[in-house]
Amino acid sequence: MTPGANNGDYSTVDTPVWLKSLASSFDRRYGATSVLPLTVVVDEIATWVDLASGVDAWKPAPNRNSFRLDLDQSTNALGSSVRAAVAVPLARFDAAFTRLTTGPKSVLAQPPGTRTDAAWADIAEAASELLTVLDSEEATVASWDDLVAVAHNRTLAGGQHRPVADLLFDQLQRRGQDADGLFSTLASLIALGSVSEDDPLTHVELPAEDRLAQARAMVCAPVPVEPVVVWLGYRGGRPAPRLDAGRVTFMDAHWTVPNAGPAGQDFEHKAELWQLVQHGFAFQVREENGKRWDVDLLVRVDLGQTTTLDAAVKAANIVDTILSVAIHNHGGIRPRLTQHAVLRSGRRVSSSFTVNPDATGFTDDTYGASIMFEAVHHHGPRIADALSREALPRFLAAAIEVQAAADHPFSRDMAMHTPSDADIRSVVPLADRVVQHVAAHAGIGPDEAFELLGQLWPHARWLSDLELAVHLCTFGGDDRQGSLLGAWYSVGLSKPRPLFIADHAEDLLSVCQIESERPWIARMLRSVSDAAIYGELIKQYSADGAVLEARRRRVRNGLVHGNPTSFEIVKSVREYATFLSSGALRLGIEAYVQQAEARDFLAWRSPDVIAMQSGQDAAAYWRQWLATQPSS
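Definitions and limits used
- Residues numbered from 1 in each chain as written.
- Predicted model: local features only at pLDDT ≥ 70, side-chain atom pairs only at ≥ 80, totals over all residues.
- Heavy atoms only, no water.
- Helix = DSSP H or I, 4+ residues; strand = E, 2+ residues; numbered from the N terminus.
- Buried < 20%, exposed > 50% of the residue type's maximum accessible area, 1.4 Å probe, protein only.
- Contact = heavy atoms within 4.5 Å.
- Areas by Shrake-Rupley, 256 points an atom, 1.4 Å probe, with all protein chains shown as cover.
- Salt bridge = Lys/Arg side-chain N within 4 Å of Asp/Glu carboxyl O.
- Pairing = 2+ DSSP bridges.

Student: If you had to explain the overall build of the protein chain to someone new, which residues and values would you point to?
Tutor: Broken down by element type, the protein chain carries 29 helices and six strands. Here the protein chain, with 632 residues, has 47% of them falling under the buried criterion. The long-range fraction of contacts in the protein chain, counting pairs at least 24 apart against all pairs at least 6 apart in sequence, stands at 73%. By element, 55% of the accessible surface of the protein chain is carried by carbon and sulfur atoms, the whole surface being about 29900 Å².

Laid out in structure tokens, this is it:
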């Protein structure tokens, strides 16, 4: 986002509220939604039609029901403009999906490559047609129009812009746009009337209609296709001076970089590399004095005529495939990618410089050590006492081991290592295994354990969203916001946090600067003192939980059985899967420490949850609770 967006200020004082709301709609840091863009859902179904197993993927009813839930949820979230633009192909796709999923099981069981029934061809053709229309300029502009309409409509309860903005973001990406960069530009243009890269905060007296017209033109602008080349730098492994593999060239960085200058020996692409290394920052190699170096291996990947969107990722994937096959067949070490640079039509357009890849964690991480010792101080004595009574039950020990494996790529030990796609994908099946181990420890079936844990999700989601609402209100940094945020962090056992929100709801709303989220924030803050609103939210969270649980099962089955599962869909269930596994392990450990039945702990509900889901509002419950506590 723009520098102005970083502190929550999207406008000048006289900017209309609806324009502020539209500008802040482009900031994807604010909140999240369980609703997937229709493009993602249809693309996933189309991939399953092509590649997914019949017996393991399509034949099981839960997978088909999960797709139906996702499709209905995404369709219901469409704005009126997009709905009109895609009405015909969407109706055809929906009908084709229904025919397939309600058809004979003998058809559903057909494996990929043998799907001769017309139902398969119909849905494949319908999906292709629908995606073509969704990717079109007309549908993309329609998403923009829907986002503007949501910003104008101040009667909405809040949050309706999120799925609309997410769909627009995905459409732009699918069209080859740099969606992140374009959203940042749109936020600056709408809020300030400026798209100046030199001074993005300069306010220009541009009428709202002109800002909208310029933004609309940017959304539908075609993406230039030009020659794109990516240079990748790796640590570890030194090849022969040069190795060509089609459009991929491997080079010894320790020979190539020193010779890239005008006085060096000639080699192909010398001028291109000199442009990157002449200032001494990129692709550094060891000098005679033993100076630290960044790369041993350079790889040049010619992507041909294309856009620069995700060019470095595409190039790295190509190289990774080559390395994987070579290492699998003949062994050797895998070099570690440390730097890259992207050139378009011979000019550098982007680059990255990373820390020493030999270190996966912070050097001399005293803060991390203090966190660890604090955790040991808090949990250690009780667990040690329990271990002194009896050995850790084997299923509980297995659950801890699996959870540790799932957590490791995201831990401080790996702080200098960006989790890979494989790390993130592994979370869902590992989390599933944790719950299954705890269920076995409790002596119940996995389905019962997942059901009991899923019942905890709505209230936990409400508490999480309450905290998010407070942070969005205090996001900005002025004195009043800082004072409220400090008070929020200082709340302890003397005053439960729901009471803080009840007592400071108006103060929080008065300092909120994020107009697009204001209706949602107001509703969240009121839910602390209004049991009816709380009930409505719990109903909504429960419905979302049902969608997430069905999707989680489908994703887990896809990852385990090798069925296609897109990365975006995996990411959409990661939080929910982690919630289930963390909850199962926490309750299982607590039951072990207290020498209680794990099944009883999985079914246990705290008194505040029981009271609130029986109709009492949170503020009233906690005031009664506070009155029963001994005075300090």
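Student: Report on the pattern of salt bridges, specifying residues and quantitative values.
Tutor: It is possible for side chains of opposite charge to pair when their charged atoms get near one another. Inspection of the entire model under this criterion finds 27 salt bridges. A salt bridge links arginine 162 to glutamate 517; its shortest N-O distance comes to 2.6 Å. With arginine 162 in helix H11 (residues 161-174) and glutamate 517 in the loop between helix H23 (497-511) and helix H24 (518-526), this pair connects stretches of sequence that are 355 residues apart. Neither arginine 162 nor glutamate 517 differs from the other in exposure class; each is buried. The network of salt bridges with common partners includes Asp432, Asp447, Glu549, Arg552, Arg553 and Arg556.

Student: Residue-level account of the environment of proline 224, with values.
Tutor: On the secondary structure map, proline 224 appears in the loop between helix H13 (208-220) and strand E1 (226-235). Between the C-alpha atom of proline 224 and that of glycine 176, which follows or precedes it by 48 residues, the distance is 8.9 Å. For proline 224, the contacting residues outside a window of four places in its chain are Thr306 and Thr307.

Student: Go over the pairing of strand E2 (residues 242-245), please, and point to the residues and values.
Tutor: As paired strands, E2 and strand E3 (residues 248-252) are joined by four bridges and run antiparallel to one another. When the sheet's bridge partners are listed, aspartate 244 is paired in E3 with threonine 249. Turn length for the E2-E3 hairpin, with the two strands adjacent in sequence and antiparallel, is two residues, and the turn residue glycine 246 shows positive phi of about 65 degrees.

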